[in-house]
Amino acid sequence: DAKTTQPTSMDCAEGRAANLPCNHSTISGNEYVYWYRQIHSQGPQYIIHGLKNNETNEMASLIITEDRKSSTLILPHATLRDTAVYYCIVRAIYNFNKFYFGSGTKLNVKP
Amino acid sequence: EAGVAQSPRYKIIEKRQSVAFWCNPISGHATLYWYQQILGQGPKLLIQFQNNGVVDDSQLPKDRFSAERLKGVDSTLKIQPAKLEDSAVYLCASSREVGAEQFFGPGTRLTVL
């Protein structure tokens, strides 16, 4: 029932920007895009979320296309500690709809 | 602020045995979630509580799984009897309210032999 499509894995050189794409072509008007990541043997960690405007916080930037059918999570200067599985999730806020995590993208940051 | 606490961290049991997991959410968080994560897959929501009431348990195998959140704080998830396919990490998460950022605990890794 996942509503998003992500590449299975990506590589990124340490210090470079990591750009993780996500397709959500069936997103509806009241659904937000969330990003979480899961470092090995830990629980998932919230990164960022947005509705239609680009968002930035201390961890990452979220770029959502104008038609909202896709988005990109940007880690501006990837470090080895950013190696993790990144999950893109769409969900309507303030209701009880489930979070569908899908299989995510395994980001490998290499020295 | 203390994070979400879970115990035990690891559990090994034989099939048909019973097991229980405990979760203590972040203080003041009204919403509590239990997820099952099978190796190589993303977490799957089993049950969601709002205070001490269940708001979604549609993916909970109710013939063998049960969960409760007495007094709207701590929660326990029980499996009875366990099957081999229940081997997974069981994650507990909490949030201030529905739709807010979810904070996850470290999980309990269950191995059923």
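In case you missed it, the structure is sitting above this.
Attention here is on the structure that accompanies the text. (Residues numbered from 1 in each chain as written. Chains lettered and ligands numbered in written order. Predicted model: local features only at pLDDT ≥ 70, side-chain atom pairs only at ≥ 80, totals over all residues. Heavy atoms only, no water.)

1. A few points about the interface of chain A and chain B
At the interface, 18 residues of chain A touch 22 residues of chain B. The contact between chain A and chain B buries some 1600 Å² in all, and 53% of this surface belongs to carbon and sulfur atoms. The interface formed by chain A and chain B contains zero salt bridges. Viewed at the interface, chain B and chain A are joined by four residue pairs in polar contact (both at pLDDT 80 or more). Those elements that place two or more of their residues in the side of chain A that touches chain B are strand 3 (31-38) and strand 8 (84-92) of chain A. Broken down by element, the side of chain A that touches chain B gets its largest block of residues, three residues, from strand 3 of chain A. (Contact = heavy atoms within 4.5 Å. Buried area = accessible area lost by both parts, 1.4 Å probe. Salt bridge = Lys/Arg side-chain N within 4 Å of Asp/Glu carboxyl O. Polar contact = N/O pair within 3.5 Å; in protein donor to acceptor, adjacent residues only side chain to side chain. Helix = DSSP H or I, 4+ residues; strand = E, 2+ residues; numbered from the N terminus.)

2. As for the state of the cysteines
Simply put, disulfide is the name for a covalent bond between the sulfur atoms of two cysteines. Applying the stated criterion to the full structure yields two disulfides over all chains. The residue that forms a disulfide with C23 of chain B is C92 of chain B, at a sulfur-sulfur distance of 1.9 Å. Handedness of the C23 of chain B-C92 of chain B disulfide follows from its S-S torsion of about -70°: it is left-handed. You can see C23 of chain B sitting in strand 3 (residues 19-24) and its partner C92 of chain B sitting in strand 9 (residues 88-95), a full 69 residues away along the chain. Here C23 of chain B and C92 of chain B have matching classes, each one buried. Cysteine C12 of chain A shares no disulfide, and the gap to the nearest cysteine sulfur, in C22 of chain A, comes to 18 Å. (Disulfide = S-S within 2.5 Å. Buried < 20%, exposed > 50% of the residue type's maximum accessible area, 1.4 Å probe, protein only.)

3. Details of the pattern of salt bridges
Summed over the entire model, instances satisfying the criterion amount to five salt bridges over all chains. Measuring nitrogen to oxygen at the nearest pair gives 2.7 Å for the salt bridge that ties E31 of chain A to K3 of chain A. One end of the pair, E31 of chain A, is in strand 3; the other, K3 of chain A, is in the segment before strand 1 (9-13), and 28 residues separate them in sequence. Across the pair D57 of chain B and K62 of chain B runs a salt bridge, and its minimum N-O distance is 3.8 Å.

4. A closer look at the environment of M10 of chain A
Residue and element names in this part refer to chain A. The residue M10 is located in strand 1 in this model. For M10, a relative accessible area of 22% corresponds to the partly exposed category. Sequence separation between M10 and T105 is 95 residues; the distance between their C-alpha atoms is 7.0 Å. Ignoring sequence-local partners within four residues, the contact set of M10 consists of N19, L20, P21, T105, K106, L107 and N108.

5. Quick notes on the layout of surface pockets
Roughly 630 Å³ of volume is contained in the largest pocket. Taken together, 29 residues make up the lining of the largest pocket; nearest its centre are H40 and S41 of chain A together with Q37, L39 and R109 of chain B. Of all the elements, strand 11 (residues 108-112) of chain B adds the most residues to the lining of the largest pocket, at four residues. Counted by class, the lining of the largest pocket contains 12 nonpolar, 14 polar and three charged residues. (1 Å grid on protein atoms, 1.4 Å probe; cavity = no way out; pocket = protein on both sides within 12 Å on 5 of 7 lines; lining within 4 Å. Points joined across faces, edges and corners; volume = space filled by probe spheres on them. Nonpolar A, V, L, I, M, F, W, Y, C, P; charged D, E, K, R; others polar.)

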